[in-house]
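Okay, here's what each chain looks like letter by letter:
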Amino acid sequence: MKVAILNGSVYGVSEDVAQNAAKLLKTAGFDVMHNPRASLEQFLEFAPDALLAVTSTTGLGELPDNLQGLYASLRDQLPGAWRGLPGGVIGLGDSCYGDTFCSGGEQMHELFEELGVREVLPMLRLDASETINPDRDSEPWIADFIHALK
Ligand SMILES: Cc1cc2nc3c(=O)[nH]c(=O)nc-3n(C[C@H](O)[C@H](O)[C@H](O)COP(=O)(O)O)c2cc1C
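Residues numbered from 1 in each chain as written. Predicted model: local features only at pLDDT ≥ 70, side-chain atom pairs only at ≥ 80, totals over all residues. Heavy atoms only, no water.

A closer look at the site of the ligand
Logical step 1: Around the ligand sit 19 residues in total, of which Ser9, Ser14, Ser56, Thr57 and Thr100 are the nearest.
Logical step 2: Note that an oxygen atom of the ligand is positioned 3.1 Å from one of the backbone N or O atoms of glycine 12.
Logical step 3: Aspartate 94 places a main-chain nitrogen or oxygen 3.0 Å from an oxygen atom of the ligand.
Logical step 4: Of all elements in the fold, only α1 (13-27) and β4 (86-93) reach the threshold of two or more residues within the shell around the ligand.
Logical step 5: A class-by-class count of the residues in the shell around the ligand yields eight nonpolar, 10 polar and one charged. (Near = heavy atom within 4 Å. Polar contact = N/O pair within 3.5 Å; in protein donor to acceptor, adjacent residues only side chain to side chain. Helix = DSSP H or I, 4+ residues; strand = E, 2+ residues; numbered from the N terminus. Nonpolar A, V, L, I, M, F, W, Y, C, P; charged D, E, K, R; others polar.)

Written as structure tokens, this is what we have:
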């Protein structure tokens, strides 16, 4: 089973979380695509069976630059091939930003709804004000995600 990771990151924290998720998914026997700079065409060519979005929030509640292009292409094209696929979202943010806490993850959650991606778990929110080790704190959720895909 092939899992594509859609990853948005500014300073690399969510890229580390995504890399750790990729490692755990591979160990569990999945074929994983994790390339934070890949185009929609490259993702469609990979033909995933499941989708994992891992993204931080930046600016005034925006997606990181490296995910903006893919997000816009997905909203424009709404690829039918992804309809019905299982998925999940890990949002990284900081609760000190108040109303925009994890809004990057929320945007991916809404996009998954538009695409018809079926989230198998509620979104995981990793709060920079609460966690000093987001990789480790994401692992129980990733274990549940792996379990739900099998
Ligand atoms: C300039 C800036 C703006 C941010 N804006 C938000 C925000 O609106 N909402 C939020 O929840 N977190 C916000 N954050 C917190 C980051 O999302 C959080 O620190 C995250 O762990 C960074 O991960 P990254 O290195 O992968 O980008 C902001 C951080 C910075 C530096």
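Points about the pattern of salt bridges
Logical step 1: If you walk through the whole model with that rule in mind, you get three salt bridges.
Logical step 2: Linking glutamate 106 and arginine 125 is a salt bridge whose minimum nitrogen-to-oxygen distance equals 2.3 Å. In this pair, glutamate 106 is assigned in helix α4 (residues 103-115) and arginine 125 in strand β6 (residues 124-127), connecting sequence segments 19 residues apart.
Logical step 3: Assessed through its relative accessible area of 24%, glutamate 106 is described here as partly exposed.
Logical step 4: Looking at arginine 125, the relative accessible area reads 40%, which means it is partly exposed. (Salt bridge = Lys/Arg side-chain N within 4 Å of Asp/Glu carboxyl O. Buried < 20%, exposed > 50% of the residue type's maximum accessible area, 1.4 Å probe, protein only.)

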